[in-house]
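Structural features, examined
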Amino acid sequence: MSSATLAGTSAALQLEQECGGVNDSAEAEQRLEAIGEWLTLSCAELPRACRYRLLNECGMNAFSLPGRIYLTRGLYARLNDDDLLTAALAHEFAHLVRDDSLRPRCADEREALEREMLADAMAVDYLRRCGADPTAMARLIEIVAGEQPEGWATRRIARLPRPAVPDDPRWLRDPGLRRFEAGQRGGGLGQ
Ligand SMILES: [Zn+2]
């Protein structure tokens, strides 16, 4: 066991305890494993040996630690289509690739937002490469908007790699996404 794995194991136990323990849903774990496998087969740089667990907490959140990706029960319940679930895993995989859980805590909110935006951009790339809908990242951010600091969701969506989004016909059909596009044109999003 590497020191990173050991640190990950102890952090995992702490996280599981803080979030009400793990929820043993075989169906959810199988679904997460299937999507995780699809992502790791499509993107060779993603770590293969990863466990996927649900946390009992009802709030919407996701976490990654070396070798583990967690979604709260509350988030999982909202991600009823596979593209959204793929987006959530892709974002957490991006944190794993960047070793974000092993880095020091962010000094301030700006640094934390920057970390999220980098993971979002990588996630869109993973979504494209595995053939999932790349606009799912924007939809996911919209779903968890209320769980984040004020203004983060709009800024994160505005920073997503643009060609992936407007070129997709789903963007044109989805009024929620069009609203964000219009917001971006309105300016004031700190480009
Ligand atoms: Zn994140």
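Fair warning: this is a prediction, and the values are worked out from it, not measured in the lab. (Residues numbered from 1 in each chain as written. Predicted model: local features only at pLDDT ≥ 70, side-chain atom pairs only at ≥ 80, totals over all residues.)

Regarding the overall build of the chain
Broken down by element type, the chain carries 9 helices and 4 strands. If you list the helices and strands of the chain from N to C, you get α-β-α-β-β-β-α-α-α-α-α-α-α. Of the contacts made within the chain by residues no fewer than 6 positions apart, 64% connect residues no fewer than 24 positions apart. (Helix = DSSP H or I, 4+ residues; strand = E, 2+ residues; numbered from the N terminus. Contact = placed C-beta atoms within 7 Å.)

Here we look at the nonpolar core
Side chains that are nonpolar tend, in soluble globular proteins, to be buried together. In this structure, Leu89, Ala90, Ala123, Leu127 and Met137 are the most contacted members of the largest nonpolar core, which totals 39 residues. Split by domain, this core shows at least three residues from each of two domains, domain 1 (3-82 + 98-102) and domain 2 (109-185). (Core = buried A, V, L, I, M, F, W, Y, C linked by C-beta atoms within 7 Å. Buried ≥ 20, exposed ≤ 12 C-beta atoms within 10 Å, placed from the backbone. Domains from an automatic or database assignment.)

Considering the pairing of strand β2 (residues 51-55)
With 2 bridges connecting them, strand β1 (residues 22-23) and β2 associate as antiparallel partners. Pairing of Asn23 across the sheet is with Leu54, part of β2. Across 5 bridges, β2 lies against strand β4 (residues 68-72) in parallel orientation. Bridging across to β4, Arg53 finds its partner in Tyr70. (Pairing = 2+ DSSP bridges.)

A few points about the sheet that holds β2
The 4 strands lie next to each other as β1-β2-β4-β3, forming an open sheet whose pairing is mixed. Each edge of the sheet is formed by a strand with only one pairing partner; in this case those strands are β1 and β3 (62-65).

Description of the packing of helix α2 (residues 26-42) against helix α4 (residues 82-97)
Viewed as axis vectors pointing N to C, α2 and α4 meet at an angle of 65°, and their least axial separation amounts to 10 Å. The crossing of α2 and α4 is right-handed. Contacts between α2 and α4 involve Leu32, Ile35, Gly36 and Leu39 from the first element and Asp82, Leu85, Thr86, Leu89, Ala90 and Phe93 from the second. Here the contact of α2 with α4 is built from residues that sort into 7 nonpolar, 2 polar and 1 charged. (Axes fitted to C-alpha atoms, helices over the stretch in contact; angles between N-to-C directions. Left-handed = near helix turned anticlockwise from the far one by under 90°. Nonpolar A, V, L, I, M, F, W, Y, C, P; charged D, E, K, R; others polar.)

Considering the environment of Asp100
Positionally, Asp100 belongs in the loop between α4 and α5 (109-129). Exposure remark for Asp100: the 17 C-beta atoms within 10 Å place this residue in the partly exposed category. Distance from Asp100 to Glu116, taken between C-alpha atoms, is 9.9 Å for residues 16 residues apart in sequence. Ignoring sequence-local partners within four residues, the contact set of Asp100 consists of His95 and Arg115.

Considerations on unusual backbone geometry
Positive phi is not limited to glycine here, since Asp99 has a value of about 55°. Checked against the element boundaries, Asp99 lands in the loop between α4 and α5. Among the residues examined, Asp99 registers 10 C-beta atoms within 10 Å and is labelled exposed.

Some remarks on the environment of Ala26
Take Ala26: it is sitting in helix α2. According to the C-beta neighbour criterion, Ala26 is exposed, with 7 such atoms within 10 Å. Sequence separation of Ala26 and Arg53 is 27 residues, and the distance between their C-alpha atoms is 9.5 Å.

Describing the pairing of β4
Remark: a regular strand shows side chains that alternate across the two faces of the sheet. Most of β4 is tucked away: 5 of the 5 residues are buried. Residues Arg68, Tyr70 and Thr72 line one face of β4 and the alternating positions Ile69 and Leu71 line the opposite face, and both faces are buried. As paired strands, β3 and β4 are joined by 4 bridges and run antiparallel to one another. Residue pairing for β4: Ala62 is matched across the bridge by Leu71. In textbook terms, the turn of a hairpin is the stretch between consecutive antiparallel strands, and for β3 and β4 this stretch comprises 2 residues, one of which, Gly67, has a positive phi near 80°.

On their own, these measurements won't tell you what the molecule is for.
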